[in-house]
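# Understanding the architecture of this molecule
The lines below spell out each chain.
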Amino acid sequence: MSYTTPTILRRAAHIVTNRGLHTGDQFAASRHGALDACAAIYVAAHGFPVPPEFYTDEIASIRLIECSATAMQAISAISQSLDTEPCFIEIAPGHTVPEHIEHVSNWAATAPIGSKVPPTTSEVIGRLLRTADHLYRSASAEAPFVSHAAA
């Protein structure tokens, strides 16, 4: 089943609410525990179970998430909603791409400049929901008006 980006972000907020936000090593804490923000978005897009790589292999986890167009679209939306810019990585001479996964994961796990604490779990959930609402309203505003009145 394919979900819209706003739906994926709402589902991710629900997952983080119920499982918690993981901010440590890897993308997941334990078999039934907290998930990193990007891992929650991936699971929201693809469903449970959580991929085993999320517990043990950060590089494989990143590659798995990168291969999901729906998860990456949602992660990119969160990245674009943040006050900071993502880093860029050169994938070929003269060609760079934004590192949205690193941007979102680091935002959720580290204290911003001038602060001693990272965003709270509630703040991360709030960002997921606000971004979902913004995307939904933007899509609704762009939808063409269709009159069902008799001609």
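A short tour of the structure in this document, coming up. If you're wondering where the values come from, they're calculated on a predicted model, not measured in any experiment.

### Describing the overall build of the chain
A count of helical and extended segments in the chain gives seven helices and two strands. Across the chain, helices and strands are ordered from the amino to the carboxyl terminus as α-α-α-α-α-β-β-α-α. Per-residue burial for the chain yields a buried fraction of 40% across its 151 residues. For the chain, the proportion of contacts with a sequence separation of at least 24, taken over those separated by at least 6, is 56%. Looking at the chain as shown, the accessible area adds up to about 9,000 Å², and 57% of this sits on carbon and sulfur atoms. For the chain, the separation between the mean place of its 9 positive charges and that of its 14 negative charges on side chains is 10 Å.

### A short note on the nonpolar core
Counting residues in hydrophobic clusters, the biggest one holds 38 residues, and the most contacted among them are I41, F54 and I65. Looking at this core, the elements that each hand over two or more residues are α1 (5-19), α2 (37-46), α3 (53-56), α4 (58-66), α5 (69-81), α6 (100-109) and α7 (121-142). Considering each element in turn, this core owes the most residues, nine residues, to α2. In contact with I41, other than residues within four places in its own chain, are I8, L9, A12, A71, A74, I75, I78 and L128.

### A closer look at the packing of α1 against α7
The geometry of α1 relative to α7 is characterised by a closest axis approach of 8 Å and an angle of 165 degrees between their N-to-C directions. Looking at the two axes, α1 sits roughly antiparallel to α7. Between α1 and α7 lies a crossing whose hand is left-handed. Residues T5, P6, L9, R10, A12, A13, V16 and T17 of α1 touch α7, and the partners they reach there are T121, I125, L128, L129, T131, A132, D133, L135 and Y136.

### Regarding unusual backbone geometry
With an omega of 5 degrees, the peptide bond between F48 and P49 qualifies as cis. On the secondary structure map, P49 appears in the loop between α2 and α3. One non-glycine residue with positive phi stands out, namely Q26, at about 65 degrees. Tracing the backbone through its elements, the reader meets Q26 in the loop between α1 and α2.

The rules behind the values
- Residue numbers run consecutively from 1 along every chain, following the written order of its sequence.
- Selection of residues for local features in this predicted model requires a pLDDT of at least 70, selection of side-chain atom pairs for listing and counting requires 80 or more, and totals for whole chains, interfaces and linings are taken over all residues.
- Side-chain metrics rest on all non-hydrogen atoms present in the structure, leaving aside hydrogens and water.
- Helix and strand assignments come from DSSP, with helices taken as H or I runs of at least 4 residues and strands as E runs of at least 2, each series counted from the N terminus.
- Relative accessibility under 20% of the residue-type maximum defines a buried residue, over 50% an exposed one, and the middle range a partly exposed one, all with a 1.4 Å probe and only protein chains included.
- By definition in these notes, contact holds between two residues if any of their heavy atoms fall within 4.5 Å.
- Only the protein chains shown count as covering a residue, and every accessible area follows the Shrake-Rupley method with a 1.4 Å probe.
- We score Asp and Glu as negative and Lys and Arg as positive, and we do not count His or the chain ends.
- Lys charges are placed at NZ, Arg charges at CZ, Asp charges at CG and Glu charges at CD.
- We define a nonpolar core as any set of buried Ala, Val, Leu, Ile, Met, Phe, Trp, Tyr and Cys residues linked to one another through side-chain atoms lying within 4.5 Å.
- Axis angles are defined between N-to-C directions and span 0 to 180 degrees, where every axis is a line fitted to C-alpha atoms and, for a helix, only to the segment in contact.
- Oblique is the label for any angle not under 35 degrees, not over 145, and not in the 65 to 115 range, which are roughly parallel, roughly antiparallel and roughly perpendicular in turn.
- Rotating anticlockwise by less than a right angle from the far helix to the near helix defines a left-handed crossing, while the corresponding clockwise rotation defines a right-handed one.

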